[in-house]
Amino acid sequence: HSDWILQFASGDTGRVLVRQSKDARLLVVGTREHVGLARILDGSVSHYCLTHAVCAVVAVPALAADRRAEDSDTVGQDTTVVIDEDVGGAIPAAEGMNGEPEALGAPLVVAGVDTSAESLAAAHYAVTAAELRGGDVLLVHSFSPPSARAPDTEAAFSVARTAAEKLLAAVAAQLVVPAQVTMHGWVEPDDAVTVLEASARRATMLVLGRDDVSWFERLFMGAVTSQVVGQVACPVVVVPGHWRARH
């Protein structure tokens, strides 16, 4: 069994947790995200940890029954994502990767991916987590749909989707996926927060790479990870770019 130590420390909570976790494999925090004036006045421990810890951070939401009334519209994990077949269907299967999972049999670990090193680390983490849990992996990528003013909107949309599918396939090609883990992929034309929230409704765990935004964006909107952490009902793991699987 694992040993545990109870410690008391004085100081800023976020800084204390980051300092104590410098040699850890995981830092686990609860979630309660603030933006705007609330962020200025109260700050956010989870936000500080997500952006400063050198290890992977697991942000765990409260049980639905324990959430305040303002959170009562959060969708539970057992909700199936409804996807418009015209604009948000599963991507074509690449080598070693199937389309979007149709059933909710095995635990599903969802990883949001883009072109960053942190995103690739998150995908590696998702594969390791799925293997440990006897589950599958869903790689998710959002892309910006073309402007309605574009000369040929349909052709521009096709080009954007093809580029998104190639990115997802390129990430999948860099992963070592055990035989018992099935890899799925999904691209969606929407903003990243909306797509990640939708994919998390069916997930056992959502894995994201640590993102880097400006002070202004962080103050008034929050990083993508911070926005998602405050909205989803499953644990969220935020992975730094240097993360590597360990035994």
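The coordinates are above.
In what follows, the accompanying structure is described.

Here is what the cut-offs are and how they apply
Residues numbered from 1 in each chain as written. Predicted model: local features only at pLDDT ≥ 70, side-chain atom pairs only at ≥ 80, totals over all residues. Heavy atoms only, no water. Helix = DSSP H or I, 4+ residues; strand = E, 2+ residues; numbered from the N terminus. Buried < 20%, exposed > 50% of the residue type's maximum accessible area, 1.4 Å probe, protein only. Contact = heavy atoms within 4.5 Å. Areas by Shrake-Rupley, 256 points an atom, 1.4 Å probe, with all protein chains shown as cover. Pairing = 2+ DSSP bridges. Phe/Tyr/Trp six-rings, centres within 6.5 Å; stacked < 30°, edge-to-face > 60°. Axes fitted to C-alpha atoms, helices over the stretch in contact; angles between N-to-C directions. Left-handed = near helix turned anticlockwise from the far one by under 90°. Nonpolar A, V, L, I, M, F, W, Y, C, P; charged D, E, K, R; others polar. Core = buried A, V, L, I, M, F, W, Y, C linked by side-chain atoms within 4.5 Å.

## Some remarks on the overall build of the chain
Part 1: A count of helices and strands for the chain gives 8 helices and 7 strands.
Part 2: Expressed as a percentage of the 247 residues in the chain, the buried residues total 43%.
Part 3: The contacts of the chain with a sequence gap of at least 6 include a subset with a gap of at least 24, amounting to 79%.
Part 4: For the chain, the accessible area works out to roughly 13800 Å², and carbon and sulfur atoms hold 54% of it.

## Re the pairing of strand S5 (residues 183-188)
Part 1: Burial within S5 is extensive, with 6 of its 6 residues counted as buried.
Part 2: Of the two faces of S5, the one holding Met-183, Gly-185 and Val-187 and the one holding His-184, Trp-186 and Glu-188 are both buried throughout.
Part 3: Sheet analysis places strand S4 (residues 136-142) next to S5, joined by 6 bridges and oriented parallel. The residue of S5 that forms the bridge with Leu-138 is His-184.

## Some points on the packing of aromatic side chains
Part 1: Considering all chains together, one arrives at 1 aromatic pair under this definition.
Part 2: Between Phe-143 and Phe-157, the ring centres sit 5.8 Å apart and the planes meet at 55°, which makes this aromatic pair tilted. Taken as a pair, Phe-143 in the loop between S4 and helix H5 (153-173) and Phe-157 in helix H5 lie far apart in primary sequence, 14 residues in all.

## What to know about the packing of helix H1 (residues 13-20) against helix H3 (residues 45-52)
Part 1: Packing of H1 against H3 brings their axes to within 8 Å, and their N-to-C directions diverge by 35°. Helix-helix and strand crossings are classified by hand; for H1 and H3 the assignment is right-handed. Two secondary-structure elements touch here, H1 through Thr-13, Gly-14, Arg-15, Leu-17 and Val-18 and H3 through Val-45, Tyr-48, Cys-49 and His-52.
Part 2: Residues belonging to the contact of H1 with H3 are distributed by class as follows: 5 nonpolar, 3 polar and 1 charged.

## Some thoughts on the nonpolar core
Part 1: One finds Tyr-125, Val-137, Leu-139, Val-207, Val-237 and Val-239 to be the most contacted residues of the largest nonpolar core, which totals 31 residues.
Part 2: Those elements that provide at least two residues to this core are strand S2 (56-60), strand S3 (108-112), helix H4 (117-133), S4, H5, S5, strand S6 (205-209) and strand S7 (236-239).
Part 3: If you look at the next biggest cluster of nonpolar residues, it comprises 29 residues, including Val-29, Val-229, Val-236 and Val-238.

## What about the environment of Val-60?
Part 1: Along the chain, Val-60 falls in strand S2.
Part 2: The class of Val-60 is partly exposed, set by a relative accessible area of 34%.
Part 3: With 31 residues separating them along the chain, Val-60 and Val-29 place their C-alpha atoms 6.2 Å apart.
Part 4: Setting aside anything within four residues of it in sequence, one finds Val-60 in contact with Val-28, Val-29, Gly-30, Thr-31 and Pro-235.

## Details of the environment of Val-54
Part 1: Summarising the element assignment, Val-54 is placed in the loop between H3 and S2.
Part 2: In this structure Val-54 comes out as partly exposed when scored by relative accessible area, which is 44%.
Part 3: Residue contacts for Val-54: discarding those within four places in its chain leaves Ser-21, Lys-22, Arg-210, Pro-240 and His-242.

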